[in-house]
Every structure is written in structure tokens, then in C-alpha cells.
Amino acid sequence: MLFIIDMQNDFVDNEKGKLPVPGAAAIVPKIIQEIKKQEEQGESIYYTLDQHDTEDDERSKEEKQWGMDLYLPLKEALKNHTAIKKTFHSISPEDAAELKKEYGEDPDRLIEFVGVETNVCVLSNAVMLHTSFPLASIRILKDMCVGTTPELHQAALDVMKSLKMEVQSSDET
């Protein structure tokens, strides 16, 4: 199972995005390769769409919607996969419970994470699903994640390692 976290225009597009994460666009080609790999393996693929606050956002309604849409190069790659909308850092406990109900307990299940920001939403979603699927292996593909800063990215990876999550580069899998 693959989770792609918040790869939306506002976070990935460094020119027009409201909350751009430096370096986010650079991980897109690797994420697209990972999607294809997971599809070939018959794995389920989910992506989150953060419904961030736009009240103080002076952009037009269309621009705000553009900001919340998937980053264009990922739209085609994810068209046959499942979006989960979230209103804070992580998917809701209810959404996590629905996933657990659908997939059940499987000690051989692997749940992998890529996306932005490592130190906020990737970390939060990994913890949520680690709690919901205690028998599953949780893996963070560190070269397909970007944090607010390189230091916060590394700190989040260290925290996830301390929680017994696997942290690997995609070429190590």
C-alpha cells in the first residue's frame, strides 16, 4: 500500500503555490516511478488532499481550488487511485478505521509513505496508520519526501525510526 501525502499545487508549485515546500517538485518524477511500480505489483494507492484554510487567502475561488488540486504531473498518474481529503495534518481516525476495516490485520502488510512535508503531514499520517495497523510494517521512502527544511526532514525521519518505522531510500527497497 502506498500513501502519497499532500502533493498539491499549493505545496509543490514554488511559483504560484501559497505554501510551497522547497524541493517538492524535484521528487515528483521518482513518485511517478513509484506509482507505476506499485501498480505493477497490484498494490493499493492512496493520496491525501489537504483542505487547508483559505479564509485569509486573497486569491480568487478558482485560484484557491487550483491550489488544492493535485500537482499536474501527478494528476494523470493518480487518476485511478483513491483520494482521502483531510482537514488537518493527518487523515481522520474515522478514515483510518475504514481502511483497517477494509484491509484487516495482516502482519505481512507494508504501508509506504512519500510526499510533503516530512516533519508535519508525512509524520502525522505515518503515525496514524502505524497506530491503526499495529502489525503492518511502515516504511518512509526518504528520497521521495521533503521537509520544511533539510534539518526538520532529518529530525522527522529520526523520530519515525525511533517509532520502529523503516526509513529507506527507494533504491534500498
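Refer to the structure printed above.
Residues numbered from 1 in each chain as written. Predicted model: local features only at pLDDT ≥ 70, side-chain atom pairs only at ≥ 80, totals over all residues. Heavy atoms only, no water.

Colleague: Please explain the overall build of the protein chain as it appears in this structure.
Modeller: Each helix and strand counted, the protein chain has seven helices and six strands in total. Moving toward the C terminus, one meets the helices and strands of the protein chain in the order β-α-α-β-α-α-β-α-β-α-β-α-β. For a compact globule of 173 residues, the expected C-alpha radius of gyration is about 16 Å, and the protein chain comes in at 15 Å, within 12% of that figure. For the protein chain, the spread of C-alpha atoms along the principal axes amounts to about 45 × 35 × 30 Å. (Helix = DSSP H or I, 4+ residues; strand = E, 2+ residues; numbered from the N terminus. Rg over C-alpha atoms; globule rule 2.2 N^0.38 Å.)

Colleague: Help me out: how do you make sense of the side chain of Ser90 in this one?
Modeller: Position of Ser90 relative to the elements: it lies in the loop between strand 3 (82-86) and helix 5 (93-103). On the basis of relative accessible area, Ser90 is assigned to the buried category, the value being 15%. Among all residues touching Ser90, those that are not within four sequence positions of it are Ser124, Asn125 and Met128. (Buried < 20%, exposed > 50% of the residue type's maximum accessible area, 1.4 Å probe, protein only. Contact = heavy atoms within 4.5 Å.)

Colleague: Looking at this structure, how should I read the pairing of strand 4 (residues 110-116)?
Modeller: For strand 4, the buried fraction is high: six of the seven residues fall into the buried class. Alignment of strand 1 (residues 2-5) against strand 4, held across four bridges, turns out to be parallel. When the bridges of strand 4 are listed, Ile5 appears paired with Gly115. In this fold, the crossover linking strand 4 to strand 5 (residues 137-146) by way of helix 6 (residues 118-132) has right-handed handedness. (Pairing = 2+ DSSP bridges. Right-handed = clockwise from strand over helix to strand, strands pointing away.)

Colleague: Just checking my understanding: could you explain the pattern of salt bridges for this structure?
Modeller: Proximity of charged atoms lets side chains of opposite charge pair with each other. Enumeration according to the criterion identifies 11 salt bridges in this entry. Between Asp10 and Arg59 there is a salt bridge; the shortest N-O distance is 2.7 Å. Within this pair, whereas Asp10 is found in helix 1 (residues 9-12), its partner Arg59 is found in the loop between strand 2 (45-50) and helix 3 (61-68), the two being separated by 49 residues in sequence. Summarising the burial analysis for this pair, Asp10 and Arg59 share the class buried. The residue Arg139 makes a salt bridge to Glu166 at a minimum N-O spacing of 2.9 Å. Of this pair, Arg139 sits in strand 5 while Glu166 sits in strand 6 (residues 166-168), and the two are 27 residues apart along the sequence. A residue is classified by how much of its surface remains accessible, and Arg139, at 14% relative accessible area, is buried. Of the residues examined, Glu166 reaches a relative accessible area of 27% and is grouped as partly exposed. What emerges from the salt-bridge pattern is a single network uniting Asp6, Asp50 and Lys86. (Salt bridge = Lys/Arg side-chain N within 4 Å of Asp/Glu carboxyl O.)

Colleague: Which parts of the structure should I look at to understand the packing of aromatic side chains?
Modeller: When we look at a pair of aromatic rings, we describe it by the centre distance and by the angle of the planes. What the rule picks out here adds up to three aromatic pairs. On the numbers, 5.2 Å between centres and 15° between planes, the contact of Phe3 with Tyr46 is stacked. Here the residue Phe3 occupies a position in strand 1, and Tyr46 occupies one in strand 2, the gap between them amounting to 43 residues. Judged by its relative accessible area of 0%, Phe3 falls in the buried class. For Tyr46, a relative accessible area of 5% gives the class buried. Ring centres of Tyr46 and Tyr103 lie 6.4 Å apart, and the angle between their planes is 85°; on these two criteria the pair is classed as edge-to-face. Here the residue Tyr46 occupies a position in strand 2, and Tyr103 occupies one in helix 5, the gap between them amounting to 57 residues. Residue placement shows Lys16 over the ring face of Trp66; its charged tip is 4.5 Å from the ring centre. (Phe/Tyr/Trp six-rings, centres within 6.5 Å; stacked < 30°, edge-to-face > 60°. Lys NZ or Arg CZ within 6 Å of the ring centre and 35° of its normal.)

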